[in-house]
Amino acid sequence: MSSLVPTDYATTLESIKRLVHEARYIAQRRVNTELLRLYWQIGAMIIERQKTAPWGSKVLSQLSVDLRAEFPTAKGFSPANLKYMRRFAEAWPDQDAIGQRSVGQLPWGHVIELIEKLNDAELRNWYSAKDVAQGWSRPVLAHQIKSLLHLREGAAPSNFPHALERADSELAQQITKDPFTLEFLAIDGDAAERQLEDRLGERIIDTLRELGPAFAFVGRQVHFDVDGDDFFVDLLFFHVDQLRYVVIELKTTKFEPRDAGQLGFYVALVEDRLRGSQHQPTVGMLLVADKNESVVRYALAGTSQPIAVSRYDLLACRAGCAPRRGRSHARGRP
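First things first, this report covers the structure right here in the doc. Small disclaimer: the values here were computed from a predicted structure and weren't measured.

Looking at the side chain of Gln242
Right, so step 1: Positionally, Gln242 belongs in the loop between β3 (229-239) and β4 (244-254).
Right, so step 2: Engagement of the side chain of Gln242 in a polar contact is seen with the backbone oxygen of Leu171, the distance being 2.8 Å.
Right, so step 3: Filtering out sequence-adjacent residues up to four positions away, Gln242 remains in contact with Leu171, Ala172, Ile175 and Gln280.

Here's what the structure looks like:
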């Protein structure tokens, strides 16, 4: 029987499978977008009726009962969900935007997170675009909003503009954050550096999520022999989009100028030993418990290796997760 199978059968089968998966994905996307259009239309109709008649909670409850009676297998017609539909239409008042903006590609539960957690239209669009691009789950979206990602992303003080070519420095700056939120490690501020490093390695999926998309884990305590002397890089990553190694060093103390020198040494080491001709320059990120912005600025001005310095938070983020901005804390500047 096997002799009847053409030699290109396996290749053809894989191609057909890929086409089926792609078609299903496109169909699901279209169904989701049409569902959001429906919810928007219902919400807009409720808003319109409320302008001329007392469409309060009791009317919405009755509407919920009647809709569920008419469509018993359909979900989403609870009184609470009808209120979310109204808020959805208020948040995005242009119906055409549902199909044209990132929000039109999000599951309804994600849309609810955006509506509940954000009042600013620009921020809702910013987070929805990030959500689509990075494929967040709903809990991750909630975490990123709670931890003020829009303020943290790209905010670490660095010397990239001086140590890298302009276009590359702007790309490298994008992968920084300040602060990094590490509450998922479930350890307190008295933890030793090795314990912090161990937990980051043990919770590597959470660590990669916090670092951002396109980070790949290379190793921890990566060993280098330099003419008989041993050196160990705390954590080494590779950014697959930017094609560069990223050296991360941890300090459970307040930033000191010598920390920049140590990290600069490791960046130079990785640059010399591991970087290939197809790679972009290696960069370093130092994670510290605290920092004086002016001290960081002077220290980074004194090193030629591309380095960024970020604070990390071990406690769950609240209002204090916004970057501590001082006069020297300008995005992309040392």
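Let us keep going from here.
Observations concerning helix α6 (residues 121-134)
Right, so step 1: Over its 14 residues, α6 runs 20 Å from end to end, which matches the ideal 20 Å to within 8%, given 1.5 Å per residue.
Right, so step 2: Of all the residues in α6, the buried ones are Arg124, Tyr127, Ser128 and Asp131. Taken end-on, α6 shows its buried residues confined to a sector of 100°, consistent with a single buried face. Those residues of α6 that are exposed and angled more than 90 degrees off the buried face are Glu122 and Ala133.

Considering the packing of helix α1 (residues 9-50) against helix α3 (residues 79-91)
Right, so step 1: With their axes 7 Å apart at the nearest point, α1 and α3 run at an angle of 90° to one another. Taken together, the axes of α1 and α3 are roughly perpendicular relative to one another. Of α3, the residues touching α1 (which contributes Leu36, Tyr39, Trp40, Ile42, Gly43, Ala44, Ile46, Ile47 and Gln50) are Asn81, Leu82, Met85, Arg86, Phe88, Ala89 and Glu90.
Right, so step 2: Its residues placed into classes, the contact of α1 with α3 shows 11 nonpolar, 3 polar and 2 charged.

Thoughts on empty space enclosed by the protein
Right, so step 1: Taken as a whole, this structure holds 1 cavity of 30 Å³ or more when the rule is applied.
Right, so step 2: Here the largest cavity is characterised by a volume of approximately 70 Å³.
Right, so step 3: Every residue along the wall of the largest cavity is listed here: Phe180, Leu182, Leu200, Thr207, Glu210, Leu211, Leu235, Phe237, Ile248 and Leu287.
Right, so step 4: Among the elements of the structure, α12 (204-211) and β3 are those that each provide at least two residues to the lining of the largest cavity.

Concerning the pattern of salt bridges
If the charged atoms of two oppositely charged side chains come close together, the side chains can form a pair.
Right, so step 1: In the structure shown here, the tally under the stated rule is 20 salt bridges.
Right, so step 2: Put simply, Lys130 and Glu153 hold a salt bridge, and the shortest N to O gap is 2.8 Å. On the criterion of sequence distance, the pair formed by Lys130 in helix α6 and Glu153 in the loop between α8 (149-152) and α9 (160-163) is long-range, its members being 23 residues apart.
Right, so step 3: Look at Glu153 and you get buried, because its relative accessible area is 17%.
Right, so step 4: Several salt bridges share partner residues, and in doing so they unite Arg194, Glu197, Asp198 and Arg220 into one network.

Here we look at the layout of surface pockets
Right, so step 1: Of the pockets and cavities examined, the largest pocket occupies roughly 550 Å³.
Right, so step 2: Lys130, Gln134, Glu153, Gln174 and Pro213 are, among the 29 residues lining the largest pocket, the residues nearest its centre.
Right, so step 3: Of all the secondary structure elements, the ones that give two or more residues to the lining of the largest pocket are α6, α7 (138-146), α8, α10 (166-174) and α12.
Right, so step 4: Per-element tally for the lining of the largest pocket: the top contributor is α10, with 4 residues.
Right, so step 5: Split into classes, the residues belonging to the lining of the largest pocket amount to 10 nonpolar, 12 polar and 7 charged.
Right, so step 6: A volume near 200 Å³ is recorded for the second largest pocket.
Right, so step 7: Breaking the lining of the second largest pocket down by element, the ones donating at least two residues are α1 and α6.
Right, so step 8: Here the lining of the second largest pocket takes 4 residues from α1, the largest share from any one element.
Right, so step 9: Tallied by class, the residues present in the lining of the second largest pocket amount to 5 nonpolar, 5 polar and 2 charged.

Describing unusual backbone geometry
Right, so step 1: Across the junction of Asp178 and Pro179, the peptide omega takes the value 0°, indicating a cis bond.
Right, so step 2: One non-glycine residue, Gln221, adopts positive backbone phi at about 50°.
Right, so step 3: Of note, Gln221 is situated in strand β2 (residues 215-226).
Right, so step 4: Here Gln221 falls in the partly exposed class, since its relative accessible area comes to 22%.

Structural notes on the nonpolar core
Right, so step 1: Judged by nonpolar contacts, the single largest core of 30 residues is most densely connected at Phe88, Trp92, Trp108, Val111, Leu114 and Tyr127.
Right, so step 2: Counting only elements with at least two residues in this core, the list comes to α1, α2 (57-70), α3, α5 (108-117) and α7.
Right, so step 3: When residues no more than four places from it in sequence are discounted, the contact partners of Val111 are Leu36, Phe88, Trp92, Val103 and Leu106.
Right, so step 4: Counting residues in each nonpolar core, the second largest holds 26 residues, with Val246, Ile248, Leu250 and Leu314 among its members.

With respect to the packing of α5 against α7
Right, so step 1: Closest axis-to-axis distance for the α5/α7 pair is 9 Å, and the angle between their directions is 20°. With respect to α7, the element α5 is oriented roughly parallel. In this structure, α5 meets α7 at a crossing whose hand is right-handed. Every residue of α7 that contacts α5 at Gly109, His110, Ile112, Glu113, Leu114 and Lys117 is listed here: Arg138, Leu141, Ala142 and Ile145.
Right, so step 2: When the residues that make up the contact of α5 with α7 are grouped by side-chain class, the tally is 5 nonpolar, 2 polar and 3 charged.

Criteria and thresholds
Residues numbered from 1 in each chain as written. Predicted model: local features only at pLDDT ≥ 70, side-chain atom pairs only at ≥ 80, totals over all residues. Heavy atoms only, no water. Helix = DSSP H or I, 4+ residues; strand = E, 2+ residues; numbered from the N terminus. Polar contact = N/O pair within 3.5 Å; in protein donor to acceptor, adjacent residues only side chain to side chain. Contact = heavy atoms within 4.5 Å. Expected span 1.5 Å × (residues − 1). Buried < 20%, exposed > 50% of the residue type's maximum accessible area, 1.4 Å probe, protein only. Arc of directions from axis to C-beta. Axes fitted to C-alpha atoms, helices over the stretch in contact; angles between N-to-C directions. Parallel < 35°, antiparallel > 145°, perpendicular 65-115°, else oblique. Nonpolar A, V, L, I, M, F, W, Y, C, P; charged D, E, K, R; others polar. 1 Å grid on protein atoms, 1.4 Å probe; cavity = no way out; pocket = protein on both sides within 12 Å on 5 of 7 lines; lining within 4 Å. Points joined across faces, edges and corners; volume = space filled by probe spheres on them. Salt bridge = Lys/Arg side-chain N within 4 Å of Asp/Glu carboxyl O. Core = buried A, V, L, I, M, F, W, Y, C linked by side-chain atoms within 4.5 Å. Left-handed = near helix turned anticlockwise from the far one by under 90°.

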